[in-house]
Amino acid sequence: GLRVHPNNLESYLTLNDDIKHTFGNDANAAHRIDQETSGLVLVSRHKDAEGVLKQLFANRQITKHYLAMVKGEIKEVLDIQEPLYRNDHPNLKISMVVKVDPKGKPSHTIITPLRYFPDTDTTLVKASPLTGRTHQIRVHLFHVEHPIVGDPIYGQSIENIHRYIDKEIKGSERINNTGASRLLLHAHSVEFSYKEEKYSIHSERDFLSECFDAMKIG
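We now turn to the structure provided with this report. (Residues numbered from 1 in each chain as written. Predicted model: local features only at pLDDT ≥ 70, side-chain atom pairs only at ≥ 80, totals over all residues. Heavy atoms only, no water.)

1. Section: the overall build of the protein chain
If you tally the helices and strands in the protein chain, you get seven helices and 11 strands. In terms of C-alpha radius of gyration, the protein chain reaches 18 Å, essentially the compact-globule figure of 17 Å for 218 residues. Structurally, the protein chain occupies a C-alpha span of about 50 × 40 × 40 Å along its principal axes. The 218 residues of the protein chain split such that 44% are buried. When contacts within the protein chain are restricted to residue pairs at least 6 apart in sequence, long-range pairs at least 24 apart make up 60% of them. Placing the 28 positive and 29 negative side-chain charges of the protein chain at their respective mean positions leaves the two points 4 Å apart. (Helix = DSSP H or I, 4+ residues; strand = E, 2+ residues; numbered from the N terminus. Rg over C-alpha atoms; globule rule 2.2 N^0.38 Å. Buried < 20%, exposed > 50% of the residue type's maximum accessible area, 1.4 Å probe, protein only. Contact = heavy atoms within 4.5 Å. Lys, Arg positive; Asp, Glu negative; His and termini not counted. Charge placed at Lys NZ, Arg CZ, Asp CG, Glu CD.)

Structural data, given as structure tokens:
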């Protein structure tokens, strides 16, 4: 629920404020995740590291894996290669929504099913984005008709999307509309090399338990 960086419309606390408070003004988030996505964010403690890490992201030399709880049963690996288009519009309600469109940017996501839960007809998956587009995992999963549980945008009506952006949908109404009180997407691991040393960092959070809590199960 915390933005990584401030946007032009609001100036409340962001993750980057905490980063600079903890490590100094030269520290910075080297990338960003969606406000509703939990999990790992890679942080540089000085400008040299920031430049190197951002270049690694730009060159796709950092491997990221996410966990997500999605609607329906996925039985086999999905290789999704659909272009994604975002309308660069000053109206947040228009620019926030990304869609599969031939005029969009090439985008590639691998979805690996981990466990199916028949009681809720949901599947825990590993999502591996090979490109870094806005809302990529969310849009690709929605496109293959397995939207992420708790997603307030993809799979919702236009009216409810606008109401969510305006912060009018909360609590039980959101659970009834989307299946959970939060977006069930978690940045689980990052792997990369820096100064000839290999790093493999994994989140220690129990994401599955958090999914059940958000879905009001058990």
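2. Describing unusual backbone geometry
The backbone of Glu145 sits at a positive phi, close to 70°, despite the residue not being glycine. Its location among the elements puts Glu145 in the loop between helix H4 (136-143) and helix H5 (158-165). One non-glycine residue, Glu196, lies in the positive phi region at around 65°. Positionally, Glu196 belongs in the loop between strand E10 (185-194) and strand E11 (197-202).

3. Some thoughts on the side chain of Asn160
Inspection of the secondary structure assignment puts Asn160 in helix H5. The contacts of Asn160, once residues within four sequence positions are left out, are Ile169 and Asn177.

4. So, the side chain of His186
Here His186 is to be found in strand E10. Ignoring sequence-local partners within four residues, the contact set of His186 consists of Thr37, Ser38, Gly39, His65, Tyr66, Leu67, Ser203, Arg205 and Phe207.

5. Brief notes about the packing of aromatic side chains
Under the criterion given, the structure shown has three aromatic pairs. Centre to centre, the rings of Phe117 and Phe212 are 5.5 Å apart; their planes meet at 90°, and the pair counts as edge-to-face. Highlighted residues: Phe117 in strand E8 (residues 109-117) and Phe212 in helix H7 (residues 207-214), separated in sequence by 95 residues. When its relative accessible area of 23% is taken as the criterion, Phe212 is described as partly exposed. The ring of Tyr85 has Lys103 sitting right over it, with the charged end atom 4.6 Å from the ring centre. (Phe/Tyr/Trp six-rings, centres within 6.5 Å; stacked < 30°, edge-to-face > 60°. Lys NZ or Arg CZ within 6 Å of the ring centre and 35° of its normal.)

6. Some remarks on the pattern of salt bridges
All told, the structure shown has 10 salt bridges when counted by the stated rule. The salt bridge involving Glu50 is made with Lys47; its shortest N-O contact spans 3.5 Å. Residue Glu50 and its partner Lys47 are located together in helix H2 (residues 47-58), separated by three residues, close to a single helical turn. Given a relative accessible area of 11%, Glu50 falls into the buried group. Across the salt bridge formed by Lys103 and Asp101, the nearest N and O atoms sit 3.3 Å from each other. Taking relative accessible area as the criterion, Asp101 reaches 12% and is therefore assigned buried. One salt-bridge network, in which partners are shared between bridges, spans Asp34, Arg138 and Asp151. (Salt bridge = Lys/Arg side-chain N within 4 Å of Asp/Glu carboxyl O.)

7. Comments concerning H4
For H4, the tally of buried residues reaches six of eight residues, placing the bulk of the element in the interior. Following H4 by one or two positions, Glu145 adopts a phi angle in the positive range, close to 70°.

8. Some thoughts on the nonpolar core
In this structure, Met69, Ile148 and Leu184 are the most contacted members of the largest nonpolar core, which totals 30 residues. No other element matches strand E4 (residues 63-71), which puts five residues into this core. Sequence-distant contacts of Met69, defined by excluding residues within four places in its chain, comprise Phe117, Thr122, Thr123, Leu124, Ile148, Val149, Leu184, Phe207, Leu208, Cys211, Phe212 and Met215. Leu42, Leu56, Phe57 and Tyr194 belong to the second-largest nonpolar core, a separate cluster that totals 10 residues. (Core = buried A, V, L, I, M, F, W, Y, C linked by side-chain atoms within 4.5 Å.)

9. Concerning the pairing of E10
For E10, the buried fraction is high: seven of the 10 residues fall into the buried class. Examined bridge by bridge, strand E2 (residues 38-39) and E10 share two bridges and lie parallel to one another. Its bridge partner lying in E10, Gly39 is registered against Ala187. Of the strand pairs in this sheet, E4 and E10 are connected by six bridges, and their pairing is antiparallel. Bridge assignment links Thr63 to a residue of E10, and that residue is Glu191. Once E10 ends, the chain turns through two residues before running back antiparallel as E11, passing Lys195 with a positive phi of about 50°. (Pairing = 2+ DSSP bridges.)

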